[in-house]
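Inside the fold
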Amino acid sequence: MHVRPHEAVEPVLHRVVIVGGGFGGLYAAQALKRAPVRVTVVDRRNFHLFQPLLYQVATGGLSPGEIASPLRGVLNRQSNTYVLLGEVTDIDPDMRRVRLSDGTLSYDTLILAAGGQHHYFGNPQWEALAPGLKTIEDATEIRGRIFLAFEAAEREPDPAVRRAWLTFVIVGAGPTGVELAGALSEIANHTLKRDFRTIDSREARIVVIEGADRVLPPYTADLSAKAAAALERLGVQVRTGALVTSIEPDAVTVRVGANDERIPARTVVWAAGVQASPLGRVLADRAGATLDRAGRVMVEADCSIAGHPEIFVIGDLACFTHQTGTPLPGVAPVAMQQGRYVARLIQQRLVGGGAAPFRYRDKGSMAVIGRHAAVADIAGLRFNGSLAWLTWLFVHLMYLVEFDNRLLVLTEWAWNYVTWNRGARLITGRTKELSPRRRGDTEKTRDSEAR
Ligand SMILES: Cc1cc2nc3c(=O)[nH]c(=O)nc-3n(C[C@H](O)[C@H](O)[C@H](O)COP(=O)(O)OP(=O)(O)OC[C@H]3O[C@@H](n4cnc5c(N)ncnc54)[C@H](O)[C@@H]3O)c2cc1C
């Protein structure tokens, strides 16, 4: 089946197909709003996801709908733009077609912005035991595991097993790991402190494992030290220079130097490795693109691939080294700016022009640890504490895609701030599979003992 939106409707217009409605794809599509082109955005999800706030869904602070916006709604005022729900499985650069799981789509220019996925460093079996955080499903899965662990601990008669239920291990101390650890500390020490009768949620142990020698490795050493101190104040235990060597259903083993430490823990979250979408490999096979070690596509200075000026790769799927000699970081502003850049370049080409190479304008980076605890490095200015925290809140609100979501999130944050509550702490989905009895060591619960 050939999917319709293009040639059938407006055969004369230049057809731009954008794969992925994340930061790169969406910003490219929006920047083509007034261009004389026919844009089709294909995504396997019908929504744009604001990944920077996923950890708040994973910890019950926000609900999924507050950080996701339906792509059709976001783009419904762009009359030159079609939105298709579909999964791209293959690319035929000779025929200029992308293959979907249920059809094909022709293009004149292709923008690939399919992002990335988790990477378990050759240990795919860890994924089931230590889910990563990338999708809404991941976030609700992690949320279920976190709150189920407290439920299981409440019913667990064996102190050692109870301790394991109350131990949370986060692998990776980048921004996501640090954010999760801070939020978990708040849950244990404030949100849940009156909710249970047989356990004290404040006894929860939160351990962050990091292979580098400090937390937040991409940040400067002084900001890393401040983040580490903030985590310590929250009671989070940080193991740096530590490598995970095994993950089992009830424990994580880490190697620090020559020593192995086994940490009994029932909840493990993966916030360590990221690799590019498999569409990078497809492009390598079909169009001879070169990939880096993370599977990202090496792009030219204008974000196209060598030998195919009509194929652009942007965002987390691209490896752009032309500015500094090293790859640009996998962050939203890179994807957004590349999206806008290729949109401009496409329009310039249509009138016979070109464009200067892409240049990333780095406006800085921020990571939040908890209330009034964040670190920021903006325009060479490094700061932390309440000012960094307020800046983080403001920036994240501003970049949420729709006004309704901004309002909802602002209201939710204000309420959570005053009450320490996290109203979205639901255990949903695979509750049978995750039930304490199935995952616990004993059939004897505290309940049944008491009776
Ligand atoms: C938990 C987390 C926290 C983060 N926090 C921050 C932060 O605080 N600040 C920051 O700057 N960056 C942050 N990032 C990174 C940032 O989200 C990414 O750099 C950014 O999303 C990359 O944009 P992208 O367009 O390349 O990919 P994405 O935004 O990931 O979008 C890819 C899109 O492609 C779609 N797709 C994938 N494969 C296919 C296919 N085969 N067919 C059809 N559609 C497909 C996906 O459904 C998705 O919608 C975070 C990332 C994560 C996971």
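Look up a bit, the structure's there.
Residues numbered from 1 in each chain as written. Predicted model: local features only at pLDDT ≥ 70, side-chain atom pairs only at ≥ 80, totals over all residues. Heavy atoms only, no water.

Following the criterion strictly, the structure yields 19 salt bridges and no others. With a shortest N-O distance of 2.9 Å, Glu137 and Arg45 are connected by a salt bridge. Taken as a pair, Glu137 in helix α4 (residues 136-155) and Arg45 in the loop between β2 (37-43) and β3 (47-49) lie far apart in primary sequence, 92 residues in all. Its relative accessible area of 42% is what places Glu137 among the partly exposed residues. Ionic pairing is found between Asp222 and Arg382, a salt bridge with its closest N-O pair at 3.3 Å. Of this pair, Asp222 sits in helix α7 (residues 221-233) while Arg382 sits in strand β25 (residues 381-384), and the two are 160 residues apart along the sequence. With a relative accessible area of 44%, Arg382 lands in the partly exposed category. Residues joined in a network through salt bridges with shared partners are Glu186, Arg371 and Arg422. (Salt bridge = Lys/Arg side-chain N within 4 Å of Asp/Glu carboxyl O. Helix = DSSP H or I, 4+ residues; strand = E, 2+ residues; numbered from the N terminus. Buried < 20%, exposed > 50% of the residue type's maximum accessible area, 1.4 Å probe, protein only.)

This part is about the site of the ligand. The environment of the ligand is made up of 28 residues, and the closest members are Gly24, Asp43, Val88, Asp316 and Ala332. Between the ligand and the protein, one listed contact pairs an oxygen atom with a backbone N or O atom of Phe23 at 3.2 Å. Within the backbone of Val331, one N or O atom sits 3.4 Å away from an oxygen atom of the ligand. Burial of the ligand by the surrounding chains reaches 89%, relative to a free accessible area of 1000 Å². Among the elements of the structure, α1 (23-31) and α9 (332-350) are those that each provide at least two residues to the shell around the ligand. It is α9 that provides the largest number of residues to the shell around the ligand, a total of three residues. (Near = heavy atom within 4 Å. Polar contact = N/O pair within 3.5 Å; in protein donor to acceptor, adjacent residues only side chain to side chain. Areas by Shrake-Rupley, 256 points an atom, 1.4 Å probe, with all protein chains shown as cover.)

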